[in-house]
Amino acid sequence: KGEIPSILHLKEGDEIMVQAVKDPAGSKGVRLTTNVSLAARYVVFMPTIDFLGVSRRITNEKTREKLTQIAESLKPEGQGLIIRTAAEHASKSEIKKEVAYLIEQYKNVLQDFGAKPTPSCIYEEGNIAVRLIRDVYNSDISKFIVADKETYEKVLEYAKKSDNGLKRKLKLYKKKTKADILYF
């Protein structure tokens, strides 16, 4: 209760970066970890853990082997990658692009960590629309229409960073509707 676990070798006043991994529930507070991870559609990047994994849901051994080899060739030394289920049919160049994007994103997180006062939120995963794009969007979708201006701006910001072809397919729907997001 309020004590610092000795395994962390911390003393009062030390500043550390943590990630919330579970929301508070009942009488339990938020669950935190010092093992930061950043997720994209095909890859989870773990900059503080030397690890390599492929989703258990990918059961075809040849595919697992191919994805393991790709991950080994892209994994920065001393850091970790998990290949997500969505990568089952992804090309090496698609996975490579995501790894580069996540590494750059982590560099920005580190820069903000050093620059912002403590405590501060230095990174927040995108809203539901951004997570939908991350996890569902693919090149088969011809239009991605957003009916809310604020959501559109967030999606546009993500599209500019991700370089996944979404930017040119993104449209703001200006008529009144009950839906916030439409994709075709």
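Before reading on, note that the structure itself is shown above.
Described below are features of the structure shown in this document.

About the cut-offs
Residues numbered from 1 in each chain as written. Predicted model: local features only at pLDDT ≥ 70, side-chain atom pairs only at ≥ 80, totals over all residues. Heavy atoms only, no water. Helix = DSSP H or I, 4+ residues; strand = E, 2+ residues; numbered from the N terminus. Buried < 20%, exposed > 50% of the residue type's maximum accessible area, 1.4 Å probe, protein only. Lys, Arg positive; Asp, Glu negative; His and termini not counted. Salt bridge = Lys/Arg side-chain N within 4 Å of Asp/Glu carboxyl O. Polar contact = N/O pair within 3.5 Å; in protein donor to acceptor, adjacent residues only side chain to side chain. Contact = heavy atoms within 4.5 Å. Pairing = 2+ DSSP bridges. Axes fitted to C-alpha atoms, helices over the stretch in contact; angles between N-to-C directions. Parallel < 35°, antiparallel > 145°, perpendicular 65-115°, else oblique. Left-handed = near helix turned anticlockwise from the far one by under 90°. Expected span 1.5 Å × (residues − 1).

With that settled, consider the side chain of Lys169. Locating Lys169 in the fold gives a position in the loop between α4 (149–162) and β8 (170–172). No salt bridge forms around the buried Lys169; measuring N to O, its nearest opposite-charge neighbour Asp140 is 7.4 Å away. At 2.9 Å, the side chain of Lys169 forms a polar contact with the backbone oxygen of Ile141. The residues touching Lys169, leaving out its near neighbours within four places in the chain, are Tyr137, Asn138, Ser139, Ile141, Ser142, Lys143 and Phe144.

We now examine unusual backbone geometry. Residue Thr118 is joined to Pro119 through a cis peptide bond whose omega torsion reads -10°. Positionally, Pro119 belongs in the loop between α2 (92–115) and α3 (128–136).

One open sheet accounts for four strands, arranged β3-β4-β6-β5; its pairing is mixed. Single-partner strands in this sheet number two, and they are β3 (38–39) and β5 (52–54). Sheet topology places β5 next to strand β6 (residues 80–83); three bridges connect them, and they run parallel. Its bridge partner lying in β6, Gly53 is registered against Ile82. Seen against the sheet, α2 touches β3, β4 (43–46) and β6 and runs at an angle of roughly 35° to β4.

Attention shifts here to the packing of α3 against α4. Think of two packed helices as two axes; the pair is described by the angle between the axes and how far apart they sit. Running from N to C, α3 and α4 point in directions that differ by 40°, and their axes come no closer than 9 Å. When the interaxial angle is binned, α3 and α4 end up oblique. Classified by chirality, the crossing of α4 by α3 is right-handed. Here Ala129, Val130, Ile133 and Arg134 of α3 lie close against α4, whose contacting residues are Thr151, Lys154, Val155 and Tyr158.

An ideal rise of 1.5 Å per residue puts 20 Å on 14 residues; helix α1 (residues 61–74) measures up with 20 Å between its terminal C-alpha atoms. Along its buried surface, α1 packs onto β5, β6 and α2. Sitting at the amino-terminal end of α1 is Asn60, which places a side-chain oxygen 3.0 Å from the backbone nitrogen of Lys62.

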